[in-house]
Amino acid sequence: MTAREGGDRTLGEAAGISGRSAPAATLMPALTVTVSLLGLGLLWSLAANAWPSPAFPGPGQVWQVLLREAASGDLFYHLGATLGRVAAAYLVAMIAGSVIGILLGSYRRADRFFNPWVILFLNIPALVIIVLAYIWFGLNEAAAIGAVAVNKIPNVVVTMREGARALDPSYAEMAAVYRFGPLDRVRHILLPQLQPYLAAASRSGIALIWKIVLVVELLGRSNGVGFQIHLYFQLFDVAAILAYTLAFVAVMLVIELLLVQPVERHATRWRRRPA
Amino acid sequence: MQPVGAAAPLRVDIAEKTFRSAQGVSVTALKNLSFEVPNGEFACLLGPSGCGKTTTLRILLGLDRQFSGSFQLPEGGSNRIAAVFQEPTLLPWRTVEQNVRLALPKELRVKNLDALFDTLGLAGMRSLYPAELSLGLARRAALARAFATEPAVLFLDEPFVSLDGRTAGQLRRLLLDVWSARPTTALMVTHNLAEALALADRIIVLSPRPSHVLGVFDIGLPRQHRGPEATNDLLRSFHQKFPGVS
Ligand SMILES: Nc1ncnc2c1ncn2[C@@H]1O[C@H](COP(=O)(O)OP(=O)(O)OP(=O)(O)O)[C@@H](O)[C@H]1O
Ligand SMILES: [Mg+2]
């Protein structure tokens, strides 16, 4: 029970915005975020005016590059390539990590045996895994996505192992008495109990994955945001580097707002609303 | 009032059940526990706290297989078992109605549950989540789930514990209402003698740990004739037969 409450707290951050239904209450945080971001932009523009240099472009210049890249279609091509890799690596890491984590959380002996492996993999630098994957499996898409997934899997394993340890056996016993089928057990008993842990693993996962995807692209792919940043780094084109970075951050924010948060809200609708 | 299914009774014959704790201490909970519940009868298992009543039910439910001895569940009819646990054990992430329907076998999933929900006073609560129910309502939902499956045998583990007296009495009447509509072999654990006298056809009295059957108290009287006076008579004859059992 305590672990579930722990999960709640992680969720609370996401649900905090949606918990109240009054329109004013949902508008205020959005307004705060907008003002806060505008403030940052203003600060940036002031600083860029104070120290004019091609290595430190202002928001206006970055915006120009963004429009130019968007008009040529390059922006969307490379964003799409990176997004595809992020999605693939995320899926592989979540599925593999969840299966391993739930098994380790359910079987003490397996956990004791494999725990050193988990710690080892948690501590291998991302760069090493990427380089080795390219050397062993060649400069191809599978190696790239696999390397990113392997970087993320140990984190998912650790989180999902906690989740499996916190499973309440009384639900499983109820399911046994009423002879739930295997599919029903996963859907109605297992997944809802693991949901806070899945959400926590996803949340920390997406942020980590897209940063590693950029490195993978920089080292061994010929498209994607990482590849473009590498290209503009050689040209010392800071405005273009910032344009691609900001564009991708924006995409990830939109995904968070339009996909992750609604899904979480739907998954936690049964929790008693705060009065 | 026809009993459902064939005539095979619930037969329990547990030679021994011992728990071994992590520190190596072993606790014998049950020893030579044997009794029978005829088909279609409502029996109560009465015994002091900690004597092994929940342990017995867990063995019969197939949740604990570490014991010596055997038991036979009533056969015929649906062959399904149903249980009302000491806690309601509803899935918090499913509505009351989904909780009930999920426990049903595939061929019954779409069956009409209106009558059952009406009898249990849950008609307006079908779409609520368990967190939105009081404990009394949650226990009613657990009863609905058990009866909806049309089981061959029903196990109840102190289903009315930690409710106030009035609510418990009301739930007992509801339980009898749904049970009489389809008399199922039932075994209910309780340590409340008055409750057992109100509900049961027979009371199986257990000793303190290690538990065995002290004796069986048959209540010949039909339930509708168990008014306050008749209950007092039953109480007196129970105490004559089992002095020292409260
Ligand atoms: N998992 C377990 N490990 C060790 N001992 C146990 C375990 N479960 C039960 N026991 C012991 O077995 C005995 C019987 O327990 P049980 O829960 O069956 O009692 P009960 O009759 O249901 O009591 P109550 O009326 O308080 O619910 C108790 O002494 C308890 O300490
Ligand atoms: Mg008990």
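Along each chain, residues carry numbers from 1 onward, in the same order as the chain's sequence is written. Chains carry letters from A onward and ligands carry numbers from 1 onward, assigned in written order. Predicted model: local features are reported for residues with pLDDT of at least 70 only, side-chain atom pairs are reported and counted for 80 or more only, and whole-chain, interface and lining totals are derived from all residues. Working from all heavy atoms in the structure, the side-chain values ignore hydrogens and water.

1. Things to note about the packing of aromatic side chains
- Centres within 6.5 Å are what make two rings of Phe, Tyr or Trp a pair, Trp counting through its six-membered ring; a difference in plane orientation under 30 degrees is then read as stacked, over 60 as edge-to-face, and the rest as tilted. All chains considered together, the criterion is met by 12 aromatic pairs over all chains.
- Pairing Phe114 of chain A with Trp117 of chain A gives two aromatic rings, centres 4.9 Å apart and planes at 90 degrees, and the pair type is edge-to-face. Of this pair, Phe114 of chain A and Trp117 of chain A both sit in helix 5 (residues 108-123), 3 residues apart, roughly one helical turn.
- On the basis of an interplanar angle of 65 degrees and a centroid distance of 5.3 Å, the ring pair of Tyr171 of chain A and Trp93 of chain B is categorised as edge-to-face. Under the scheme used here, helices are H or I runs from DSSP no shorter than 4 residues and strands are E runs no shorter than 2 residues, and both carry numbers assigned from the N terminus.

2. Concerning helix 10 (residues 225-234) of chain A
Residues and elements named next belong to chain A.
- Accessible area is worked out with a 1.4 Å probe on protein chains only. A residue is then buried under 20% of its type maximum, exposed over 50%, and partly exposed in between. Every buried residue of helix 10 is accounted for by Val225, Gly226, Gln228, Ile229 and Tyr232. End-on, the buried residues of helix 10 take up no more than an arc of 160 degrees, which puts them together on one face.
- Pairs of residues are marked as contacts when any of their non-hydrogen atoms sit within 4.5 Å. On the buried face of helix 10, the contacting elements are helix 3 (59-72), helix 4 (74-106), helix 9 (182-220) and helix 11 (238-267).
- At the C-terminal side of helix 10, Phe236 shows a positive phi close to 55 degrees. Throughout, the arc means the angular range of directions from the helix axis out to the C-beta atoms.

3. Observations regarding the interface of chain A and chain B
- Of the residues lining the interface, 18 residues belong to chain A; the matching set on chain B comes to 24 residues.
- When two parts are put together, the accessible area they lose, computed with a 1.4 Å probe and summed over both, is reported as buried area. In total, about 2100 Å² of surface goes out of reach between chain A and chain B, with carbon and sulfur atoms giving 61% of it.
- Contact with chain B buries surface across chain A, with Val177, Tyr178 and Trp270 of chain A losing the most and accounting together for 35% of the total.
- In what follows, salt bridge is the name for a side-chain nitrogen of Lys or Arg lying within 4 Å of a carboxyl oxygen of Asp or Glu. The interface formed by chain A and chain B includes 3 salt bridges.
- For Asp184 of chain A, the salt bridge goes to Arg109 of chain B, with nearest N and O atoms at 3.0 Å.
- Two N or O atoms count as a polar contact when they lie within 3.5 Å, although within protein this holds only if one can serve as hydrogen donor and the other as acceptor, and sequence-adjacent residues are included solely when both atoms are side-chain atoms. For the pair chain A and chain B, the number of links is 8 residue pairs in polar contact (both at pLDDT 80 or more).
- Counting only elements with at least two residues in the side of chain A that touches chain B, the list comes to helix 8 (169-177) and helix 9 of chain A.
- For this classification, Asp, Glu, Lys and Arg are treated as charged, while Ala, Val, Leu, Ile, Met, Phe, Trp, Tyr, Cys and Pro are nonpolar and the rest, including Gly, are polar. Each residue belonging to the side of chain A that touches chain B can be placed in one class, and the counts come to 9 nonpolar, 3 polar and 6 charged.

4. Observations concerning the pattern of salt bridges
Residue and element names in this part refer to chain B.
- As enumerated under the stated definition, the model contains 24 salt bridges over all chains in all.
- Of the charged contacts in the structure, one is a salt bridge between Asp201 and Arg223, with a shortest N-O distance of 3.1 Å. Taken together, the residues span a long stretch of sequence, with Asp201 in the loop between helix 6 (193-199) and strand 8 (202-206) and Arg223 in the loop between strand 9 (213-218) and helix 7 (228-241) at a distance of 22 residues. Each member of the pair Asp201 and Arg223 is classed as buried.

5. Regarding the packing of helix 9 of chain A against helix 10 of chain A
All names here are of chain A.
- Simply put, an axis is a line fit to the C-alpha atoms, just over the touching stretch for a helix, and the angle between two N-to-C directions goes from 0 to 180 degrees. Their axes nearest at 7 Å, the elements helix 9 and helix 10 cross at an angle of 60 degrees. By the angle between their axes, helix 9 is oblique relative to helix 10. Seen along the crossing, helix 9 lies across helix 10 with a hand that is right-handed. Here Leu214, Glu217 and Leu218 of helix 9 lie close against helix 10, whose contacting residues are Val225, Gly226, Phe227, Ile229 and His230.
- Broken down by class, the residue content of the contact of helix 9 with helix 10 amounts to 5 nonpolar, 2 polar and 1 charged. Any angle that falls under 35 degrees is termed roughly parallel, while one over 145 is termed roughly antiparallel, one within 65 to 115 roughly perpendicular, and all others oblique. Crossing handedness follows the turn of the near helix against the far one: under a right angle anticlockwise gives a left-handed crossing, and clockwise gives a right-handed one.

6. Some words on the confidence of the model for chain A
- Per residue, pLDDT measures the predictor's confidence, with a range of 0 to 100. This prediction gives chain A a mean pLDDT of 86; 89% of its residues lie at or above 70.
- Confidence over residues 1-21 of chain A falls short of pLDDT 50; this stretch has 25 contacts with residues more than four positions distant or in other chains.

7. Looking at the site of ligand 1
Residues and elements named next belong to chain B.
- For ligand 1, the set of nearby residues contains 13 residues, the closest of which are Ser49, Lys53, Thr54, Thr55 and Arg209.
- At 2.8 Å from an oxygen atom of ligand 1 is found a main-chain nitrogen or oxygen belonging to Gly50.
- Between an oxygen atom of ligand 1 and a side-chain N or O atom of Thr54, the distance comes to 2.6 Å.
- The accessible surface values rely on the Shrake-Rupley method and a 1.4 Å probe; as for residues, cover is taken only from the protein chains in view. With the chains in place, 64% of the 640 Å² that ligand 1 exposes on its own is no longer accessible.
- Ranked by the residues each element gives to the shell around ligand 1, the list is headed by helix 1 (residues 53-60), at 3 residues.
- Its residues assigned to classes, the shell around ligand 1 comprises 3 nonpolar, 7 polar and 3 charged. Residues are labelled near a given molecule or strand when at least one of their non-hydrogen atoms is within 4 Å of it.

8. Structural notes on the environment of Pro222 of chain B
- You can see Pro222 of chain B is positioned in the loop between strand 9 and helix 7.
- Distance from Pro222 of chain B to Leu199 of chain B, taken between C-alpha atoms, is 9.9 Å for residues 23 residues apart in sequence.

9. Details of a nonpolar patch on the surface
All names here are of chain A.
- On the surface, a cluster of nonpolar side chains totalling about 920 Å² of accessible area is made up of Leu127, Val128, Val131, Leu132, Ile135, Trp136, Phe137, Val215, Leu218 and Leu219.
- When residues of the nonpolar patch are traced back to their parent elements, those giving at least two are helix 6 (126-137) and helix 9.
- Per element, the largest residue contribution to the nonpolar patch is 7 residues, and it comes from helix 6.
- By secondary structure assignment, the location of Val128 is in helix 6. Candidate patch residues must exceed 30% relative accessible area and have no salt bridge, after which like charges are joined if within 9 Å and Val, Leu, Ile, Met, Phe, Trp or Tyr side chains if within 5 Å.

10. Side note on the environment of Leu187 of chain B
Residues and elements named next belong to chain B.
- Among the secondary structure elements, Leu187 is positioned in strand 7 (residues 185-190).
- Separated by 31 residues in sequence, Leu187 and Leu156 have C-alpha atoms that sit 6.3 Å apart.
- Leave out the neighbours within four places in its chain, and Leu187 touches Leu10, Phe35, Val37, Ala43, Leu45, Leu57, Leu60, Leu154, Phe155, Leu156 and Ile204.

11. Here's the deal with the side chain of Ser202 of chain A
- As for its position among the elements, Ser202 of chain A is in helix 9.
- Every residue in contact with Ser202 of chain A, bar those within four places of it in the chain, is listed here: Tyr90 and Met94 of chain A.

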